[in-house]
Amino acid sequence: QVQLQESGPGLVKPSQTLSLTCTVSGGSITTNYYYWSWIRQPPGKGLEWIGYIYYTGRTFYSASLMSRASISRDTSKNKFTLDLNSVTPENTAVYYCARKLDREFAPDYWGQGTQVTASS
């Protein structure tokens, strides 16, 4: 059984950097052929895909966020991270990490989500 859990500050000031960590257990983030993704859901809106880090370490981002988002990993700790620069109040959302297997449409495992509020 794979488990993912998000962690990080719940409150970020506008213009600062949002930093979150996803801790993975029950499976390695370097195992073929998984994508490790960040997804968010603003209040009253649908899910928005942010980006992923592939098991090889390759990253890819949503076009609307690629100038501000960065995903990295620490394979020795089996964790991956999200850094989102220049935060605005519109970035307030529940942030999720998730795993998706290559050739599958939807993730098979999700974290419980963590609320992040961007406010002064």
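Here, every reference points to the structure presented above.
Along each chain, residue indices are assigned from 1 in the same order as the chain's sequence is written. Given that this is a predicted model, residues contribute local features only at a pLDDT of at least 70 and side-chain atom pairs are listed and counted only at 80 or more, while totals for whole chains, interfaces and linings are drawn from all residues. Note that the side-chain values use all heavy atoms of the structure and ignore hydrogens as well as water.

**Considerations on the overall build of the protein**
- Helix and strand counts for the protein stand at 0 helices and 11 strands.
- Helix and strand assignments follow DSSP, with helices taken as H or I runs no shorter than four residues and strands as E runs no shorter than two, numbered in order from the N terminus. Ordering the α and β elements of the protein from the N terminus gives β-β-β-β-β-β-β-β-β-β-β.
- For this measure, only C-alpha atoms enter the radius of gyration; the expected value for a globule follows 2.2 Å times N^0.38, where N is the number of residues. Over its C-alpha atoms the protein spans a radius of gyration of 14 Å, differing by no more than 12% from the 14 Å that the globule rule assigns to 120 residues.
- Projected onto the principal axes, the alpha-carbon positions of the protein cover approximately 40 × 30 × 25 Å.
- Think of it in three bands: with a 1.4 Å probe and only protein chains considered, a residue is buried below 20% of the maximum accessible area for its type, exposed above 50%, and partly exposed in between. Counting over 120 residues, the protein shows a buried share of 40%.

**Quick notes on the environment of Leu101**
- Structurally, Leu101 is set in strand 9 (residues 93-101).
- Overall, Leu101 belongs to the partly exposed group, its relative accessible area being 30%.
- Those residues within four positions of Leu101 in sequence are excluded, and the remaining contacts are Tyr33, Tyr34 and Tyr35. In this description, contact between two residues means that some pair of their heavy atoms is separated by no more than 4.5 Å.

**Concerning the state of the cysteines**
- Any two cysteine sulfur atoms within 2.5 Å of one another count as a disulfide. Counted by the stated rule, this structure contains 1 disulfide.
- What pairs with Cys22 in a disulfide is Cys97, and their sulfur atoms sit 2.1 Å apart. Between Cys22 and Cys97 the sulfur-sulfur dihedral comes to about 70°; the bridge is accordingly right-handed. Here Cys22, found in strand 3 (residues 18-25), pairs with Cys97, found in strand 9; they are 75 residues apart in sequence, far enough to count as distant.
- Residue Cys22 is classed as buried on the basis of its relative accessible area, which comes to 0%.

**Topic: the sheet that holds strand 3**
- Ordered by their spatial adjacency, 4 strands build an open sheet running 1-3-8-7, and the pairing between neighbours is antiparallel. The open sheet has two edge strands, strand 1 (3-7) and strand 7 (69-74), and neither has a second partner. On average, each strand axis in the sheet is inclined to that of its neighbour by 20°, with strand direction left out of account.
- Note on pairing: DSSP must find at least two bridges between two strands before they are called paired. Where strand 7 meets strand 8 (residues 79-84), 6 bridges bridge the pair, whose relative direction is antiparallel. Among the inter-strand pairings, Ala69 is bridged to a residue of strand 8, identified as Leu84. Every axis corresponds to a line fitted to the C-alpha atoms, with the helix fit spanning only the stretch in contact, and the corresponding angles, defined between N-to-C directions, vary from 0 to 180 degrees.

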